[in-house]
Amino acid sequence: MLNDLKITESLVHKAVAEGNFEKAVTNLTELLKECRSSVDLICLKIECLLKAYQFDEAHKFSGDIMK
């Protein structure tokens, strides 16, 4: 399981480096299922949502986090 998380995290970083923010969001969503309280992953997901022009989703996600 830990190996799977590390692989998914490396896919996130690769997607961000390539500018594929939608793919990064997909992988971050999977990571956050297991690492719900990771502030770094939460912030990165919001950043990727914004860079992917998914403003409504970023707003909804950040609102859910604040609850």
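Preceding block: the structure.
Definitions and cut-offs
- Residues numbered from 1 in each chain as written.
- Predicted model: local features only at pLDDT ≥ 70, side-chain atom pairs only at ≥ 80, totals over all residues.
- Heavy atoms only, no water.
- Helix = DSSP H or I, 4+ residues; strand = E, 2+ residues; numbered from the N terminus.
- Expected span 1.5 Å × (residues − 1).
- Buried < 20%, exposed > 50% of the residue type's maximum accessible area, 1.4 Å probe, protein only.
- Arc of directions from axis to C-beta.
- Contact = heavy atoms within 4.5 Å.
- Phe/Tyr/Trp six-rings, centres within 6.5 Å; stacked < 30°, edge-to-face > 60°.
- Lys NZ or Arg CZ within 6 Å of the ring centre and 35° of its normal.

Trainee: I tried to follow helix α1 (residues 2-18) on my own but got confused; where do I start?
Mentor: Taking 1.5 Å per residue, 17 residues should reach 24 Å; α1 reaches 24 Å between its end C-alpha atoms and fits that length. Taken as a whole, α1 has its buried residues at L5, T8, V12 and A15. Down the axis, α1 shows its buried residues gathered within 85° of arc, on one side only. The exposed residues of α1 that point more than 90 degrees off its buried face are L2, N3, A17 and E18. On the buried face of α1, the contacting elements are α2 (21-34) and α3 (39-51). G19 occupies a position one or two residues after α1 and carries a positive phi of about 80°.

Trainee: In this structure, what is going on with the packing of aromatic side chains? I would like to understand it.
Mentor: Each aromatic ring pair is characterised by the separation of its centres together with the angle its planes make. Per the stated rule, a full pass over the model turns up 1 aromatic pair. Relative to F55, the ring of Y53 has its centre 6.0 Å away and its plane inclined at 80°; by these criteria the two rings are edge-to-face. F55 gets classed as partly exposed once you look at its relative accessible area, which sits at 47%. The cationic tip of K45 hangs over the ring face of F61; the distance from NZ or CZ to the ring centre is 4.3 Å.

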